[in-house]
Amino acid sequence: MNRKSDQHTFKEYFAEFLGTMAITFFGGWASILAIANRYDAFGTALVLGSVLAVFTWISFSSSKCHFNPALTLGGIISGQLSAMKGGIYMVSQFLGAFVGVLCLQTVPATLLSGAATAGFAFGTPHYASANFNFFSAAVAELLGTFVLAFAYASLAASGVERLSISVGIAYAVAIVCFARVTGGCFNPFRYFAPALYSMNLWDAHVYLISPFVGAIGGSMFHKFILGSEEPEKQKAD
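Since the structure is predicted, the reported quantities are computational estimates derived from the model, not experimental observations.

A.B. asks: Where do I start with empty space enclosed by the protein in this structure?
C.D. replies: Any empty space left between the atoms is revealed when a probe the size of a water molecule rolls over them. According to the stated counting rule, one finds two cavities of 30 Å³ or more in the structure shown. Put simply, the largest cavity is a space of about 60 Å³. Within the lining of the largest cavity, the residues separate by chemical class into nine nonpolar, three polar and no charged. When its volume is computed, the second largest cavity comes out at roughly 30 Å³. Lining the second largest cavity, in full, are Ser-31, Leu-48, Pro-125, Gly-183, Gly-184, Cys-185 and Arg-190.

Written as structure tokens, this is what we have:
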């Protein structure tokens, strides 16, 4: 591999790192503010939908703009991404998510302690077990990620403007619909990084399984039901 393609590959993985870091950081901030009654579901949806749209726009020329291991796995299984590259995507995403959690140390201590006391340390999402059971929470995370994966699969080849705006809107709508059930996570590393850092993993069965199932379903639905283009060729060096 020549130096030019090396640089392109580094930019691709760094874009995944940076996008996942931003989603984890701003998602954690939004959750902490929601716990403090300074945000509602619409505020969280606006923040995260905008963050996803902006980083998709910024990273479009460098990567596939997943920022989410569930979407990456869906891309691997549907043939849009090689297993090796997908694995490196996931490593980059996890590192980005963990750095995003570390950046949450900048949140005022009173807000952090309030979130931790409520069981949402560093913005770790948890489903509302007092009102919804495990099945409801699992279905919410599955459906939200299904919609997001379907949007990516449908619009990945349509240009940066349509993709970034569409996935941002899809993410925001899914959060508004399911925030009261699960907090609207739809990203395993957005959950796992703060949960691991705070050793607060009791809802892992919801947030680490359902998004992967939903993303695989959304990607495969697009491929086999609606039809999709052949996997993109590697971008020219």
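Next comes the rest of the write-up.
A.B. asks: Can you walk me through the environment of Pro-69 in this structure?
C.D. replies: On the secondary structure map, Pro-69 appears in helix α3 (residues 69-77). Residues in contact with Pro-69, not counting those within four places in the same chain, are Met-90, Gln-93, Asn-187, Pro-188, Phe-189 and Phe-212.

A.B. asks: Explain the nonpolar core here, please?
C.D. replies: Side chains that are nonpolar tend, in soluble globular proteins, to be buried together. Residues Leu-52, Leu-148, Tyr-152 and Tyr-171 are the most contacted members of the largest nonpolar core, which totals 38 residues. With nine residues, the top contributor of residues to this core is helix α7 (residues 160-182). Those residues in contact with Leu-52, other than ones at most four positions away along the chain, are Ile-23, Phe-67, Leu-148, Tyr-152, Val-167, Gly-168 and Tyr-171. If you look at the next biggest cluster of nonpolar residues, it comprises 14 residues, including Phe-25, Leu-111, Leu-112 and Ala-121.

Procedures and definitions
- Residues numbered from 1 in each chain as written.
- Predicted model: local features only at pLDDT ≥ 70, side-chain atom pairs only at ≥ 80, totals over all residues.
- Heavy atoms only, no water.
- 1 Å grid on protein atoms, 1.4 Å probe; cavity = no way out; pocket = protein on both sides within 12 Å on 5 of 7 lines; lining within 4 Å.
- Points joined across faces, edges and corners; volume = space filled by probe spheres on them.
- Nonpolar A, V, L, I, M, F, W, Y, C, P; charged D, E, K, R; others polar.
- Helix = DSSP H or I, 4+ residues; strand = E, 2+ residues; numbered from the N terminus.
- Contact = heavy atoms within 4.5 Å.
- Core = buried A, V, L, I, M, F, W, Y, C linked by side-chain atoms within 4.5 Å.
- Buried < 20%, exposed > 50% of the residue type's maximum accessible area, 1.4 Å probe, protein only.

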